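If you want the building blocks of each chain, they are given just below.
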Amino acid sequence: MSMRDRLYTREDLIQLREHCMNAASYETKEILVCGGTGCVAGGSLQIYDHLKTYMEEHNIPVNVELADDPHSEVVGLKKSGCHGFCELGPLVRVEPQGWLYTKVKESDVEEIIERTILKGENIERLAYRMGDDVYLRQDDIPFYKKQTRHVLENCGQINATSIFSYLSVGGYTALEKALFDMTPDEIIREVTDSGLRGRGGGGFPCGQKWASCRRQKEFPKYIVCNGDEGDPGAFMDRSIMEGDPNRMIEGMMIAGIAIGAAEGYIYVRAEYPLAVERLRMAIKQAEDLGLLGDHILGTNVSFRIHINRGAGAFVCGEGSALTQSIEGKRGMPRVKPPRTVEHGLFEKPTNLNNVETYANVPMIIEKGAKWYRTLGVPSSPGTKAFALTGTIRNTGLIEVPMGTTLREVIFDIGGGMRGDAKFKAVQIGGPSGGCLTEKDLDMPLDFDSLTKAGAMIGSGGMVVMDDKTCMVEVARFFMNFTQNESCGKCVPCREGTYRMLEILERIVAGQGEDGDIELLEELADTVSHTALCGLGKTAPNPVLSTIKNFRSEYEAHIYEKRCPAGQCSKLRRYVIDPDLCRGCSKCARNCPASAITGELKHPYVINQDLCIKCGVCQSNCNFDAVREEA
């Protein structure tokens, strides 16, 4: 079957998939250039174009798409999705050796072709290094070796812009099974038995939600995918949409079959233009093949997908606000019940899951619930993708089984803290999550364990902090974010978060007062119990968890007017060591506030009442006589 032919039957799909697998087998060598946002920002698309041009100019057989009529061995050049190791981009992997090249520049292209592709030699200077160790193969790098990639298995492995590349690795096998070998009830039972819980943060049982939506008598019904992902430091859903869009689309289609929906909507934040581009491309290719549209593969099942771009409002990650936004209204949560499964989009029954949840569905249908439950822990089966950021050695996108400990993630995969810094805390779950400390390092990462600890998985953002981090400022940062993102509909969130932010800003400015900690706790309790939606109910979490774990830092700010981490500029105190000061007057001459006085060849003194904490004196001292006191 030709790749240009439309698919009308199950046999057509099987033949095309076999054709794509056969075409892929002729690509005896592959160059996979990371086309995720991080590497694109570093120039990976220019590297891709240069590779293509150079091979064409030197008559090296190259495929940028799978050949419709494969007949000879060629080099497959692929624009893949995110490889995960974002800080080392642009990344280029070479197969079949599995070599990973890091921080590749356009000037490296010719050497990669001449040495690696034509001669089979590794370019060691482009390989990953950790201390004295050099890792040639991607799978040997500790960052990758400790992961279990299932949802992300195709990201970085296939051409993210081609449905044929997805078919070459078995794509749409689960859809085929759901269409021809299973009833809607059997699909829901398989998802229920798998124990899949929503990966958007709440962890609600996916099968239970699908079953509830199917029971609704009203039609039409809708499938909605939440790709808004507004947490600071989170980019898991974005990477799936960019790197493996067909997998998510396949999951949405299976959900549509299960609940009886013929239309789906993907809600993507406007700040994700590359994800939108890849999704549009994937939808168009699926429509051209007949995998999306009316009477799919000759069945009575029809399904279409629409893309809606959000305006970047964090509150639109909440289900009812998201559906309001799709309808063209202001994105604001509503009182519940009724739930979205009863009255959602256009007041009709709606099943809403996030990107990662839908991306789990194809492998559950294809391999079965029993297989899926071999991953993770009984209460939280499967894997979870996390965006690992902060003051950690290895940052990027990772995937691990549920139940993996924080210690394994931070020290085995993340490589521990940078330099000589010590681990202090990790903020997990973004602005809605909580702060965990050294005592929690052996805690399993699953929905229930984190909830008991006062945190939550959220969408999967994980910000690691070292001992130079001020935890009061961390609380202020997240409270500032949630306060700015409050829709303002309910008083507890609108006014409560504003008041909490006001107190935190006073504390970090050195104007904290006795009773501020207790007032923060009281406000947090009120907001969390009376706010309308999930944003307001969880907004106090970073404050409560930092008070619980680092109360002494709050007390130091309030009562001693000092920041133990030395990060709050208004609480810095610069002093001149009389034993080191040579009396050169350079600090006094450069002080913009005229806060330094003294006589030449005698130690100078800083007037703390006039000092504006700018640090100019310290940067200008040639004798290290000016120091900062915490």
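S.K.: What is the right way to look at the overall build of the protein chain in this model?
M.R.: Across its full length, the protein chain holds 24 helices and 22 strands. By the compact-globule yardstick of 25 Å for 630 residues, the protein chain fits well, its C-alpha radius of gyration being 28 Å. Judged by the C-alpha coordinates and their principal axes, the protein chain covers about 90 × 65 × 40 Å. Evaluated residue by residue, the protein chain yields a buried proportion of 59% over its 630 residues. Here the analysis covers contacts within the protein chain between residues at least 6 apart in sequence; of these, 70% occur between residues at least 24 apart. Averaged over its 73 positive side-chain charges, the protein chain has a centre that lies 3 Å from the centre of its 86 negative ones.

S.K.: Would you take a moment to explain the layout of surface pockets for this structure?
M.R.: Using a probe with the size of a water molecule, rolled over the atoms, empty space left in the structure can be pinpointed. Size it by volume and the largest pocket reaches roughly 1600 Å³. Secondary structure elements with two or more residues in the lining of the largest pocket: α9 (206–215), α13 (319–326), β11 (350–354), α17 (447–452) and α21 (534–538). Tallying contributions element by element places α21 first for the lining of the largest pocket, with four residues.

S.K.: In this structure, what is going on with empty space enclosed by the protein? I would like to understand it.
M.R.: Scanning the model with the defined rule gives five cavities of 30 Å³ or more in all. The volume enclosed by the largest cavity comes to roughly 100 Å³. Around the largest cavity sit 14 residues that line it, and Cys 591, Ile 596, Cys 611, Cys 614 and Cys 617 are the ones nearest its centre. Across the lining of the largest cavity, the residue classes break down as twelve nonpolar, one polar and one charged.

S.K.: Mind showing me how you'd approach the sheet that holds strand β4 (residues 92–95) here?
M.R.: Neighbouring strands of a sheet are bound in pairs by backbone hydrogen bonds; such pairs are parallel or else antiparallel. A sheet is described by the order of its strands in space; here five strands give the open sequence β2-β3-β1-β4-β5, paired in mixed fashion. Because the sheet does not close on itself, it has two edges, and the strands there are β2 (62–63) and β5 (99–101). Looking at chain direction, β2 and strand β3 (residues 74–80) are connected through two bridges and run parallel. Within β3, the residue paired with Asn 63 across the bridge is Gly 76.

S.K.: When you look at the sheet that holds strand β18 (residues 461–466) in this model, what are you seeing that I'm missing?
M.R.: Here five strands make up an open sheet; going across it, the order is β15-β14-β18-β16-β17 and the pairing mixed. Looking at which strands have only one partner, the edges of the open sheet turn out to be β15 (396–401) and β17 (434–437). The sheet shows a mean angle of 30° between the axes of neighbouring strands, direction not considered. As paired elements, strand β14 (residues 383–390) and β18 share four bridges and run parallel to each other. Directly across from Ala 387, in β18, lies its bridge partner Gly 461. Contacts from helix α10 (residues 236–243) reach β14, β15 and β18 within the one sheet, and its direction differs from that of β14 by about 115°.

S.K.: Any chance you could explain the packing of aromatic side chains here in plain terms?
M.R.: Each aromatic ring pair is characterised by the separation of its centres together with the angle its planes make. Under the counting rule described, the total for this entry stands at 13 aromatic pairs. Their ring planes at 65° and their centres at 5.5 Å tell us that Tyr 222 and Phe 346 sit as a pair that is edge-to-face. Of this pair, Tyr 222 sits in strand β8 (residues 222–227) while Phe 346 is found in the loop between α13 and β11, placing the two residues 124 residues apart along the sequence. By relative accessible area, which is 7% here, Tyr 222 ends up buried. Given a relative accessible area of 36%, Phe 346 falls into the partly exposed group. Ring geometry for Phe 477 versus Phe 478: centroids 5.2 Å apart, planes at 80°, classification edge-to-face. In this structure Phe 477 comes out as partly exposed when scored by relative accessible area, which is 40%. Each member of the aromatic cluster is reached from another via a ring pair, and the members are Phe 85, Tyr 128, Tyr 135, Phe 143 and Tyr 144. Across the ring face of Tyr 48, the terminal group of Lys 79 is positioned such that the distance to the ring centre comes to 4.9 Å.

S.K.: Explanation requested: unusual backbone geometry in the structure shown.
M.R.: Across the chain, the bulk of peptide bonds are trans and the bulk of non-glycine residues have phi less than zero. A cis amide bond links Phe 219 to the next residue, Pro 220, at an omega of 0°. Here Pro 220 lies in the loop between α9 and β8. Cis geometry is found at the peptide bond from Pro 337 to Pro 338, where omega equals 5°. Of note in this structure, Asn 59 is not a glycine but carries a positive phi near 55°. Locating Asn 59 in the fold gives a position in the loop between α3 (44–57) and β2. Unlike most non-glycine residues, Asp 624 shows phi in positive territory, near 55°. With respect to the helices and strands, the residue Asp 624 is situated in the loop between α24 (616–620) and β22 (626–629).

S.K.: Looking at this structure, I do not really get α9. What am I missing?
M.R.: Structurally, the α-helix is built with 3.6 residues per turn, so residues lying three or four positions apart point the same way. Turning to α9, its buried residues number three or more, namely Cys 206, Gly 207, Trp 210, Ala 211, Ser 212 and Cys 213. Its buried side turned inward, α9 meets α8 (184–194), α11 (245–259), β11 and α14 (355–367).

S.K.: Would you explain the packing of α3 against helix α4 (residues 109–117) in this entry?
M.R.: A pair of packed helices can be characterised by two numbers: the angle between their axes and the separation between those axes. Here α3 crosses α4 at 50°, and the two axes come no closer than 9 Å. When the axis of α3 is compared with that of α4, the two are oblique. Of the two possible hands of crossing, α3 and α4 adopt the one that is right-handed. Of α4, the residues touching α3 (which contributes Ile 47, His 50, Leu 51, Tyr 54 and Met 55) are Val 109, Glu 110, Ile 113 and Glu 114. When the residues that make up the contact of α3 with α4 are grouped by side-chain class, the tally is six nonpolar, one polar and two charged.

S.K.: Which parts of the structure should I look at to understand the side chain of Glu 27?
M.R.: Tracing the backbone shows Glu 27 in strand β1 (residues 27–34). Each residue touching Glu 27, except ones within four places of it in the same chain, is listed here: Asn 63, Glu 65, Leu 66, Val 74, Gly 76 and Lys 78.

S.K.: Help me out: how do you make sense of the nonpolar core in this one?
M.R.: In globular proteins that are soluble, nonpolar side chains generally tend to be buried together. Counting 75 residues, the largest nonpolar core has Phe 164, Tyr 172, Ile 187, Trp 210, Met 248, Ile 266 and Leu 291 as its most contacted members. At nine residues, α11 tops the list of elements feeding residues into this core. Apart from the residues lying within four places of it in its own chain, the contact partners of Trp 210 are Ile 187, Ile 188, Val 191, Ala 255, Ala 258, Ile 259, Asn 351, Asn 353, Tyr 358 and Val 361. Tyr 135, Ile 141, Ile 392 and Val 400 belong to the second largest nonpolar core, which has 37 residues in total.

S.K.: How should I be thinking about the pattern of salt bridges in this particular structure?
M.R.: Think of it this way: side chains of opposite charge can pair up when their charged atoms draw near. Counted under the stated rule, the structure contains 43 salt bridges. Note that Asp 108 is salt-bridged to Arg 125, the shortest N-O span being 2.8 Å. Placement of the pair is Asp 108 in the loop between β5 and α4 and Arg 125 in the loop between α4 and β6 (128–130), with a sequence separation of 17 residues. Notably, a salt bridge pairs Glu 521 with Arg 551, separated by 3.3 Å at the nearest N-O pair. Residue Glu 521 is located in helix α20 (residues 516–530), and its partner Arg 551 is located in helix α22 (residues 541–560); the two are separated by 30 residues in the primary sequence. When its relative accessible area of 30% is taken as the criterion, Glu 521 is described as partly exposed. Ionic contacts of the salt-bridge type, sharing partners, join the residues Asp 108, Glu 111, Arg 115, Glu 121 and Arg 125 into one network.

Conventions we followed
Position numbers for residues start from 1 in each chain and track the written sequence from start to end. Only residues with pLDDT of at least 70 get local features here, since the model is predicted, and only at 80 or more are side-chain atom pairs given and counted; chain-wide, interface and lining totals rely on the full set of residues. Side-chain metrics rest on all non-hydrogen atoms present in the structure, leaving aside hydrogens and water. In this description a helix means any DSSP run of H or I spanning at least four residues, a strand means any run of E spanning at least two, and both kinds are numbered starting from the N terminus. For a compact globule the rule gives 2.2 Å times the number of residues to the power 0.38, and the radius of gyration it is set against comes from C-alpha atoms. When accessible area is computed with a 1.4 Å probe and restricted to protein chains, residues below 20% of their type maximum are described as buried, those above 50% as exposed, and intermediate ones as partly exposed. In this description, contact between two residues means that some pair of their heavy atoms is separated by no more than 4.5 Å. Neither His nor the chain ends contribute to the count of charged residues, in which Lys and Arg are positive and Asp and Glu negative. For this purpose, a charge sits on NZ of Lys, CZ of Arg, CG of Asp or CD of Glu. Each cavity reported here is a set of points on a 1 Å grid over the protein atoms alone in which a 1.4 Å probe fits but cannot get out, each pocket an open set with protein on both sides within 12 Å along at least five of seven lines, and each lining residue one with an atom within 4 Å of a point. Grid points are joined across faces, edges and corners, and a volume is the space filled by probe spheres set on the points. By the convention adopted, Pro, Cys, Tyr, Trp, Phe, Met, Ile, Leu, Val and Ala count as nonpolar, Lys, Arg, Asp and Glu as charged, and the other residues, Gly among them, as polar. At least two bridges found by DSSP between two strands is the condition for calling them paired. Axis angles are defined between N-to-C directions and span 0 to 180 degrees, where every axis is a line fitted to C-alpha atoms and, for a helix, only to the segment in contact. Pairing of aromatic rings covers Phe, Tyr and the six-membered ring of Trp, with a centre-to-centre limit of 6.5 Å; geometry is then stacked below 30 degrees between planes, edge-to-face above 60, and tilted otherwise. Here, a charge over a ring means that NZ of Lys or CZ of Arg falls within 6 Å of the ring centre while also lying within 35 degrees of the ring normal. Each angle receives one of four descriptions, namely roughly parallel if under 35 degrees, roughly antiparallel if over 145, roughly perpendicular if within 65 to 115, and oblique otherwise. Handedness of a helix crossing follows the sense of rotation of the near helix relative to the far helix, less than a right angle counterclockwise being left-handed and clockwise being right-handed. The term nonpolar core refers to a set of buried residues drawn from Ala, Val, Leu, Ile, Met, Phe, Trp, Tyr and Cys, joined through side-chain atoms within 4.5 Å. Note on definitions: salt bridges are taken to be side-chain nitrogens of Lys or Arg within 4 Å of carboxyl oxygens of Asp or Glu.

Worth remembering: the numbers are spatial, not functional.
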